[in-house]
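These are the residues of each chain, in order.
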Amino acid sequence: MNRADRGLLAPGAYQTYSIAQPRDTLVRAACEQVGCAAWRHGWQSAVDEATELGAQQATYIRQRSGRTFREQRTGAGLTVFTFDSGQRCFAEHRTRPEIYAVRDGDWRGNPTGRTRLHTKAADWVEDFGEHQLQLVDQQKKG
């Protein structure tokens with residue numbers, strides 16, 4: 001059975017779009033990337049400035065954290081820092097990276113060996129959409 005009987009073109013007539021995640025690999029990630037609830041809704045941190053740790057935490061928040069906050073004292077003597085949404089929380093988030101690839105060929109191989117990697121999902125989606133529009137245009141032309 002030849003290629004024409006199966007309705008297949010040569011592998012070089014295709015492009016393959018893929019998203020992969022390397023196993024056992026974690027990278028630091030921003031709050032927004034991981035859907036952090038504190039980033040999305042804001043958060044509060046209560047510290048007891050009467051303790052050495054609490055005093056250090058309060059000093060860090062006020063002088064070095066770089067975050068926007070409001071503070072108030074509670075009747076129990078705690079200082080409550082209220083942080084608005086949209087700023088990085090104090091957690092260290094980790095996520096598995098994604099690899100957005102476009103390569104020549106199909107499941108039978110990549111005859112040119114050419115592969116392009118996108119660094120952002122949005123760029124990969126745009127590339128895929130543009131490719132789909134080209135296919136529609138080619139199909140209309142016959």
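Every chain is numbered independently, its residues counted from 1 as its sequence is written. Totals for whole chains, interfaces and linings use every residue, but because this is a predicted model, local features are given only for residues with pLDDT of at least 70 and side-chain atom pairs only at 80 or more, for both listing and counting. Working from all heavy atoms in the structure, the side-chain values ignore hydrogens and water.

**Brief notes about the side chain of Thr-79**
- Among the secondary structure elements, Thr-79 is positioned in strand S5 (residues 79-83).
- Note on classification: 1.4 Å probe, protein chains only; a residue is buried when its accessible area is under 20% of the maximum for its type, exposed when over 50%, partly exposed between these limits. Judged by its relative accessible area of 0%, Thr-79 is buried.
- Polar contacts here mean pairs of N or O atoms no more than 3.5 Å apart (in protein, one a potential hydrogen donor and the other a potential acceptor; neighbouring residues in sequence count only if both atoms are side-chain atoms). Of note is the side chain of Thr-79, whose polar atom sits 2.5 Å from the side chain of Glu-49.
- Throughout, a contact is declared for two residues whenever any of their heavy atoms are within 4.5 Å. Excluding residues within four positions of it along the chain, Thr-79 makes contact with Ser-45, Ala-46, Val-47, Glu-49, Arg-62, Glu-71, Gln-72 and Arg-73. In this description a helix means any DSSP run of H or I spanning at least four residues, a strand means any run of E spanning at least two, and both kinds are numbered starting from the N terminus.

**A word on the sheet that holds strand S4 (residues 69-73)**
- Only strands joined by at least two bridges in the DSSP assignment are considered to pair. What the three strands build is an open sheet, ordered S3-S5-S4; its pairing is antiparallel. The sheet terminates laterally at strand S3 (43-47) and S4, the two strands that pair on one side only. Across the sheet, the axes of successive neighbouring strands diverge by a mean angle of 20 degrees, strand direction being ignored.
- Pairing of S3 with S5, which is carried by five bridges, proceeds in the antiparallel orientation. Counterpart to Gln-44 in the pairing with S5 is Thr-82.
- Angular values range over 0 to 180 degrees, each being the angle between N-to-C directions of two axes fitted as lines to C-alpha atoms, with helices fitted over their stretch in contact. Its contacts with the sheet put helix H4 (residues 52-63) on S3, S4 and S5, and the angle it makes with S5 is roughly 35 degrees.

**Details of the environment of Ile-61**
- Structurally, Ile-61 is set in helix H4.
- Distance in space between the C-alpha atoms of Ile-61 and Gly-109 is 55 Å, their sequence separation being 48 residues.
- If we skip the residues at most four places from it in the chain, Ile-61 touches Phe-69, Phe-81, Phe-83 and Phe-90.

**Comments concerning the nonpolar core**
- Core analysis: the biggest nonpolar cluster contains 10 residues, these being Cys-31, Cys-36, Ala-38, Trp-43, Val-47, Ala-58, Ile-61, Phe-81, Phe-83 and Cys-89.
- Elements represented by at least two residues in this core include exactly S3, H4 and S5. Put simply, a nonpolar core is a bunch of buried Ala, Val, Leu, Ile, Met, Phe, Trp, Tyr and Cys residues held in one set by side-chain atoms that sit within 4.5 Å of each other.

**Considerations on the pattern of salt bridges**
- The term salt bridge refers to a pairing of a side-chain nitrogen on Lys or Arg with a carboxyl oxygen on Asp or Glu at a separation within 4 Å. Applying the stated criterion across every chain yields a total of eight salt bridges.
- Between Glu-92 and Arg-28 there is a salt bridge, with its nearest N and O atoms 2.9 Å apart. With Glu-92 in the loop between S5 and strand S6 (93-95) and Arg-28 in strand S2 (residues 27-29), this residue pair connects regions lying 64 residues apart in the sequence. The residues Glu-92 and Arg-28 share a single accessibility class, namely exposed.
- Salt bridges sharing common partners tie together Glu-49, Arg-62, Glu-71 and Arg-73.

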